[in-house]
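In case you want the letters, here they are:
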Amino acid sequence: MPTIEPCGVSFDKVAYELRCKYAGDESGGPANSASLKAAEALLQEYLPALKALPGAEVTRVMCGGCHDFKIVVNQPCADHDAWKAADYAPAPEILAKLKAIDGISSVETQEYTCQPL
């Protein structure tokens, strides 16, 4: 298990997050947001491929208040390293399609440890 020294933070999982902001509906909420609906449909389209990644745990995070939509793929370190070496396929396709959705903004990625305790 890698450890970040000298703070002593150990981990055996690394997550890759794809995130964006979606536009709220006419009331400012998520219920009838066309961009949220499109982002969710895109996730469902790619979910089988993401879940098929070795050791992958896939989580969707959605906030109705700040309009965050996130896809988090958490894997054991070795599996994550192999996915990273493969340029995170199919993530670049997902990101390009998110950027093309009307009402989606701030499309970004982030890699971090995500360790169940």
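Residues numbered from 1 in each chain as written. Predicted model: local features only at pLDDT ≥ 70, side-chain atom pairs only at ≥ 80, totals over all residues. Heavy atoms only, no water.

**Regarding helix α2 (residues 77-85)**
What sets the pattern is the α-helix's 3.6 residues per turn: residues three or four places apart point alike.
Piece 1. For α2, the set of buried residues is C77, H80 and W83. Projected down its long axis, α2 carries its buried residues within an arc of 125°, all on one side. Facing away from the buried side of α2, by more than 90 degrees, are the exposed residues A78 and A85.
Piece 2. On its buried face, α2 sits against β3 (13-22), α1 (34-51), β5 (68-76), α3 (91-99) and β6 (104-113).
Piece 3. Phi for D87, located one or two positions after α2, is positive at around 60°. (Buried < 20%, exposed > 50% of the residue type's maximum accessible area, 1.4 Å probe, protein only. Helix = DSSP H or I, 4+ residues; strand = E, 2+ residues; numbered from the N terminus. Arc of directions from axis to C-beta. Contact = heavy atoms within 4.5 Å.)

**Things to note about the packing of aromatic side chains**
For any pair of aromatic rings, the description consists of the separation of the ring centres together with the inter-plane angle of the planes.
Piece 1. With the rule as written, the count across this model stands at 3 aromatic pairs.
Piece 2. Geometrically, the ring pair formed by Y16 and W83 is edge-to-face, given 5.5 Å between the ring centres and 85° between the ring planes. Linking Y16 in strand β3 with W83 in helix α2, this pair joins segments that are 67 residues apart in sequence.
Piece 3. Take Y16: its relative accessible area is 8%, and that puts it in the buried class.
Piece 4. Aromatic pair Y16 and Y88: ring centres 3.6 Å apart, planes at 10°, arrangement stacked. In this pair, Y16 is assigned in strand β3 and Y88 in the loop between α2 and α3, connecting sequence segments 72 residues apart.
Piece 5. Y88 gets classed as buried once you look at its relative accessible area, which sits at 11%.
Piece 6. Of the aromatic side chains, those joined through ring pairs into one cluster are Y16, W83 and Y88. (Phe/Tyr/Trp six-rings, centres within 6.5 Å; stacked < 30°, edge-to-face > 60°.)

**Brief notes about the environment of Y88**
Piece 1. With 35 residues separating them along the chain, Y88 and L53 place their C-alpha atoms 9.9 Å apart.
Piece 2. Once residues lying within four places of it in the same chain are set aside, the contact partners of Y88 are Y16, H80, W83 and E111.

**Digging into the packing of α1 against α3**
Piece 1. Interaxial distance between α1 and α3 falls to 11 Å at its minimum, and their mutual angle equals 175°. With respect to their mutual orientation, α1 and α3 come out roughly antiparallel. Contacts between α1 and α3 involve A39, L42, E45, Y46 and L50 from the first element and E93, I94, K97 and L98 from the second.
Piece 2. Residues of the contact of α1 with α3, tallied by class, amount to 6 nonpolar, no polar and 3 charged. (Axes fitted to C-alpha atoms, helices over the stretch in contact; angles between N-to-C directions. Parallel < 35°, antiparallel > 145°, perpendicular 65-115°, else oblique. Nonpolar A, V, L, I, M, F, W, Y, C, P; charged D, E, K, R; others polar.)

**Some remarks on the pattern of salt bridges**
Piece 1. Summed over the entire model, instances satisfying the criterion amount to 7 salt bridges.
Piece 2. Here E17 ties to R19 by a salt bridge, and the two come within 2.7 Å at their closest N and O atoms.
Piece 3. Taking the relative accessible area as the measure of exposure, E17 reaches 5% and is therefore buried.
Piece 4. With its nearest N and O atoms 3.4 Å apart, the salt bridge here joins E111 to K84. Placement of E111 in strand β6 and of K84 in helix α2 is noted, with a sequence separation of 27 residues between them.
Piece 5. Classification of K84 by relative accessible area gives partly exposed; the value is 41%.
Piece 6. Shared partners join several salt bridges into a network, and the residues in it are E17, R19 and E108. (Salt bridge = Lys/Arg side-chain N within 4 Å of Asp/Glu carboxyl O.)

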